[in-house]
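Each chain is listed here by its residues.
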Amino acid sequence: MLSCSKEIRTRRRHGIYDLTLEIAEKDFFKKYKSTNIESAKDIINDYLIQRRDLGKVDNIDIYHDEQKHIIQLTTKLDYNN
């Protein structure tokens, strides 16, 4: 599991949250060769398992900010079911 440098959760409505994880690109590229949805899914799922978080993941995106040297993963978490 990669260590997350920053976690941001925003409540959208009852039981629905946006989750953003920011990871230093040097840490990301030690484990993964490229920024793609499969690596993002792997990181987010590991992150939730470690925290025993029961949110259901939906709509994962990954963004590489080369100027700030971070990888940003975003997803929606649903706690309604």
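The rules behind these values
Residues numbered from 1 in each chain as written. Predicted model: local features only at pLDDT ≥ 70, side-chain atom pairs only at ≥ 80, totals over all residues. Heavy atoms only, no water. Pairing = 2+ DSSP bridges. Helix = DSSP H or I, 4+ residues; strand = E, 2+ residues; numbered from the N terminus. Axes fitted to C-alpha atoms, helices over the stretch in contact; angles between N-to-C directions. Buried < 20%, exposed > 50% of the residue type's maximum accessible area, 1.4 Å probe, protein only. Phe/Tyr/Trp six-rings, centres within 6.5 Å; stacked < 30°, edge-to-face > 60°. Expected span 1.5 Å × (residues − 1). Contact = heavy atoms within 4.5 Å. Polar contact = N/O pair within 3.5 Å; in protein donor to acceptor, adjacent residues only side chain to side chain. Core = buried A, V, L, I, M, F, W, Y, C linked by side-chain atoms within 4.5 Å.

A. Examining the sheet that holds strand S1 (residues 6–13) more closely. Spatially, four strands are ordered S1-S2-S4-S3 in an open sheet, and the strand pairing comes out antiparallel. Pairing within the sheet leaves two strands with one partner each, and these edge strands are S1 and strand S3 (56–65). Taken over all neighbouring pairs, the strand axes of this sheet differ in orientation by 15 degrees on average, direction set aside. The pairing of S3 with strand S4 (residues 70–78) spans eight bridges and is classified as antiparallel. Bridge assignment links Lys-56 to a residue of S4, and that residue is Asp-78.

B. View of unusual backbone geometry. Positive phi is not limited to glycine here, since Arg-52 has a value of about 55 degrees. Along the chain, Arg-52 turns up in the loop between helix H2 (37–50) and S3. By relative accessible area, Arg-52 is classed as exposed at 75%.

C. Representation of the packing of aromatic side chains. Per the counting criterion, the structure on display carries three aromatic pairs. Ring geometry for Tyr-17 versus Tyr-79: centroids 5.7 Å apart, planes at 85 degrees, classification edge-to-face. In this pair, Tyr-17 is assigned in strand S2 (residues 16–24) and Tyr-79 in the segment after S4, connecting sequence segments 62 residues apart. Taking the relative accessible area as the measure of exposure, Tyr-79 reaches 30% and is therefore partly exposed. In this structure an aromatic cluster arises from ring pairing among Phe-28, Phe-29 and Tyr-32.

D. Just H2, in detail. The terminal C-alpha atoms of H2 lie 20 Å apart, and with 14 residues this matches the ideal 20 Å at 1.5 Å per residue to within 8%. The elements touched by buried residues of H2 are S1, S2, helix H1 (25–31), S3 and S4. The backbone nitrogen of Glu-38 lies 3.1 Å from a side-chain oxygen of the residue at the head of H2, namely Asn-36. Directly beyond the C-terminal end of H2, a positive phi value near 55 degrees is found at Arg-52.

E. Quick peek at the nonpolar core. Judged by nonpolar contacts, the single largest core of 14 residues is most densely connected at Leu-19, Leu-21, Phe-28, Ile-43, Ile-44, Leu-48 and Leu-73. Breaking this core down by element, the ones donating at least two residues are S2, H2 and S4. Here this core gets five residues from one element, more than from any other, and that element is H2.

Scope: geometric values only; no functional claims are made or implied.
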